[in-house]
Amino acid sequence: MTSTSSLIEQVIEAWQSMQAKTPLVQCITNSVAANYTANVLLASGASPAMIDNPYEAESFTKISSALSINLGTPTSEQMQAMQISAKTAQLNNVPWVLDPVGYGPILAWRSQMTDELLQFKPSVIRGNASEISTLAGNQVQSKGVDSTLSSDDAYRQAYALLVHTDCIAISGESDYILSKELDVVIQVNGGSPLQPKITATGCALGALIAAYSAVTTPTIAALSAHVHFAIAGKLAANQAQTMGSFSTIFMDYIHMLDANLIEQYANIKLLGLKA
Amino acid sequence: MTSTSSLIEQVIEAWQSMQAKTPLVQCITNSVAANYTANVLLASGASPAMIDNPYEAESFTKISSALSINLGTPTSEQMQAMQISAKTAQLNNVPWVLDPVGYGPILAWRSQMTDELLQFKPSVIRGNASEISTLAGNQVQSKGVDSTLSSDDAYRQAYALLVHTDCIAISGESDYILSKELDVVIQVNGGSPLQPKITATGCALGALIAAYSAVTTPTIAALSAHVHFAIAGKLAANQAQTMGSFSTIFMDYIHMLDANLIEQYANIKLLGLKA
Amino acid sequence: MTSTSSLIEQVIEAWQSMQAKTPLVQCITNSVAANYTANVLLASGASPAMIDNPYEAESFTKISSALSINLGTPTSEQMQAMQISAKTAQLNNVPWVLDPVGYGPILAWRSQMTDELLQFKPSVIRGNASEISTLAGNQVQSKGVDSTLSSDDAYRQAYALLVHTDCIAISGESDYILSKELDVVIQVNGGSPLQPKITATGCALGALIAAYSAVTTPTIAALSAHVHFAIAGKLAANQAQTMGSFSTIFMDYIHMLDANLIEQYANIKLLGLKA
């Protein structure tokens, strides 16, 4: 049976494995998040490559260890690359993460693409509560790309999505990881209220899940990335009270994470999947 | 009659209103400014969304509280989105800000688009002295996207533009806000010589004007954003002498601004519009 | 005969000349590097402009002091702009730098464009060891956009490229500048192991070579930019042990460099070109 201590042990192993292997992570992401995401991946021990054109998508996905697709500010060329790379990932057993930024009726173009991408079976779907809930078929009111729904409410509505993926990760005040594989919901606590005030933290988190999925299962990958962020956010908030300095120190802790810090600060809780 | 103290009072009210309402601001901006602009808006209390494709522009502008259009590094798809969003904004009374980056004969493609966008009556036009002066029909020598004209010279040449907008904001060593509404020019002092050394500060300032325009009049919106930046720049410069740390502390003060700091540090001066 | 002391003297003169002239540098670069590159150029004394569309490329390159082309995340419109600007640069004697990010058989689209761009005779070709070596015809295994080959090995394989350019700059643990003009290889030491952990430092270095090439010869331009980065990296590493703070302090030192720091910390070594 799954226990929090065995999960934390697997997070530590995943982190160690990432340091040893430096997985190559292809990111198709938005203009706001590109630089920040690359820095988060480098700081975490992965090797990012933002290959997002349709002409190189297939050949690059084939040699990538993982793929991250984020629909924040799509262009027509990126949209084509997303389809090619997601399909290539499925065919070649490259794990991939889908982040349906802004999913909802107001942003129909990207939402239709998200629907199409689901056929290629993402390893993990991650988003904020509004996005995940809307994607799960519960039409809540979404405003822009920030969430108007609490993650507590969202995770109960997200079960329907497990038909498309093995794992769903919802970020919010508490984070929730829904695992078909382990038949549990894992609540991840920590982080800081300043975290959502730094743009692209959610987008970078999705790419970090992808990086971890190169070295472990979808559930442990999602859990590891969320724990990684939650610890860095909590420790950074202890030292910085405001945005600019928080952002700097947060990146420091993303880089300084190690087995001891995970052991000491990981704060997770198991909930029943059908609770 | 307008007085500096009543203006400062209105700036405080605008800032408080932004904290209360968290306006959704659509930004169509350049690749250099996207991340920085989003962080400035989040730090200031607004909710940014960089929706810049033509397929979602209309539906998103309709639900936005304000729109910011910046012509820094346009793509063909962004150009289409600009036209759709500016038109939609005018039709739906969504306030919007135009930042004609690089306007002038050397950069004809964007300059023609800027000319077209003027028909949709921006709430505020903001730029550096070279851009505003050239847009006003005074062909000064412009070099790239940085200004070669002082803001003192530019504001006397900018009157002609008031036929297209209610408010013009010119950034420079001193900033100048030309208001048709109040029939005055407001000089804003403060900031730091380091500010123009951080790329995209001007672009982010334009987006912040848009954010404020969701909660107040165009003139007070432009004034509030300029005062917001001038105070943060001045306070950051007191603590940091160099670029890297200035940038971090500047963002801290963008976030820490409050009514007391505005009261204490706002440094504005009224000039006659026809002076 | 060339000596290290005369080279360092020329680096100081180049730095002083850049401060005096503030050269306008057109950058066609990737979405990860755009903001960081602009900040590095501003901090170094240059004036960056990210004009990367095909409709303004020709007119803007004509008035630019230098051009930097980076193939990190190309779009179709950027690809067109690259061809136009490179051709215009050659015709108008505007020095230009080519950074063939990710060159190799896996990323064929950009690699073909790189091959085409070589006909316009870049002033300097700069890249990491894998890219330069592959471009020179030695098919080494390249993984993504980070180098898997040491710079020590690469410089011996790069001679073949001197038919296309006067200068080749290879970044790595030590940097190597191959100069046809001076008939030497210059090894540049310094920097920090944290530098490659900050994304886009290599890309920004390429743009800085372009900036220096506006005020000096290709060889001294490449040398000056590499010395500039090596000193800033070394001094920043003395004060910061981790990524977030290193990045901030590194930018501080990029801005604070002066003749004394160059004199005191430049660490270069002359090697024979045919050694």
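For clarity, every value in this text was computed on a predicted model and none was experimentally measured.

## Some thoughts on the relation of the copies chain A and chain C
What relates the pair of chain copies is a rotation about an axis plus a shift along that axis. With an RMSD of 0.0 Å, the fit of chain A onto chain C corresponds to turning through 120 degrees and sliding 0.0 Å along the axis. This pairing of chains is accounted for by a three-fold axis. Taking C-alpha positions as the reference, the residue of chain A nearest the rotation axis is A:Ser31, at 3.6 Å. When the interface residues of chain A are mapped onto chain C, a mere 4% of them again fall at the interface, so the copies present different faces.

## Structural notes on the nonpolar core
A:Tyr212, A:Ile262, B:Ile262, C:Tyr212 and C:Ile262 are the most contacted members of the largest nonpolar core, which totals 199 residues. Setting aside chain neighbours within four positions, we find B:Ile262 in contact with B:Ile8, B:Val11, B:Ile12, B:Trp15, B:Val227, B:Ile231 and B:Leu257. In terms of nonpolar packing, the next biggest core, distinct from the first, is built from 36 residues, A:Ala86, A:Val94, A:Met113 and A:Val185 among them.

## Side note on the packing of aromatic side chains
If you walk through the whole model with that rule in mind, you get nine aromatic pairs over all chains. Ring plane angle 45 degrees and centroid distance 4.5 Å describe the contact between A:Tyr55 and C:Trp109, whose orientation is recorded as tilted. Highlighted residues: A:Tyr55 in the loop between strand S2 (47-49) and helix H3 (57-63) and C:Trp109 in helix H5 (residues 108-117), drawn from two different chains. For A:Tyr55, a relative accessible area of 45% corresponds to the partly exposed category. When the centroid spacing of 5.2 Å and the interplanar angle of 85 degrees are considered together, the rings of B:Phe229 and B:Phe250 count as edge-to-face.

## Digging into the sheet that holds strand S8 (residues 184-189) of chain B
Residue and element names in this part refer to chain B. Strand order in the open sheet formed by nine strands is S2-S1-S3-S4-S5-S6-S7-S8-S9, and the pairing between neighbours is mixed. Of all strands in the sheet, those with a lone pairing partner are strand S2 (47-49) and strand S9 (267-272), marking the two edges. The average undirected angle you get between the axes of adjacent strands in this sheet is 20 degrees. Pairing between strand S1 (residues 24-28) and strand S3 (residues 66-70): four bridges, direction parallel. Counted as the bridge partner of Val25 is Ala66 from S3.

## Things to note about the UniProt feature "binding site: ATP" (unreviewed entry) in chain A
Residues and elements named next belong to chain A. Mapped onto this structure's residue numbering, the UniProt feature "binding site: ATP" (unreviewed entry) falls at Arg126 and Ser171. Across 46 residues, the annotated set stays spatially compact, with a maximum C-alpha separation of 7.7 Å. By secondary structure assignment, the location of Arg126 is in strand S5 (residues 124-128). Ignoring anything within four residues of it in the chain, the contact list for Arg126 reads Val97, Leu98, Asp99, Pro100, Ile132, Ala169, Ser171, Gly202, Cys203, Leu205, Gly206 and Ile209. Position of Ser171 relative to the elements: it lies in strand S6 (residues 167-171). Note on Ser171: relative accessible area 16%, which makes it buried. Leaving out residues up to four positions away in the same chain, Ser171 has contacts with Arg126, Gly127, Asn128, Ala129, Ser151, Leu205 and His226. In this structure the side chain of Ser171 is engaged in a polar contact, spanning 2.9 Å, whose partner is the side chain of Arg126.

Calculation notes
- Residues numbered from 1 in each chain as written.
- Chains lettered and ligands numbered in written order.
- Predicted model: local features only at pLDDT ≥ 70, side-chain atom pairs only at ≥ 80, totals over all residues.
- Heavy atoms only, no water.
- Least-squares fit on C-alpha atoms with pLDDT ≥ 70 in both.
- Contact = heavy atoms within 4.5 Å.
- Core = buried A, V, L, I, M, F, W, Y, C linked by side-chain atoms within 4.5 Å.
- Buried < 20%, exposed > 50% of the residue type's maximum accessible area, 1.4 Å probe, protein only.
- Phe/Tyr/Trp six-rings, centres within 6.5 Å; stacked < 30°, edge-to-face > 60°.
- Helix = DSSP H or I, 4+ residues; strand = E, 2+ residues; numbered from the N terminus.
- Pairing = 2+ DSSP bridges.
- Axes fitted to C-alpha atoms, helices over the stretch in contact; angles between N-to-C directions.
- UniProt positions renumbered as here; feature names shortened; annotations may be inferred.
- Polar contact = N/O pair within 3.5 Å; in protein donor to acceptor, adjacent residues only side chain to side chain.

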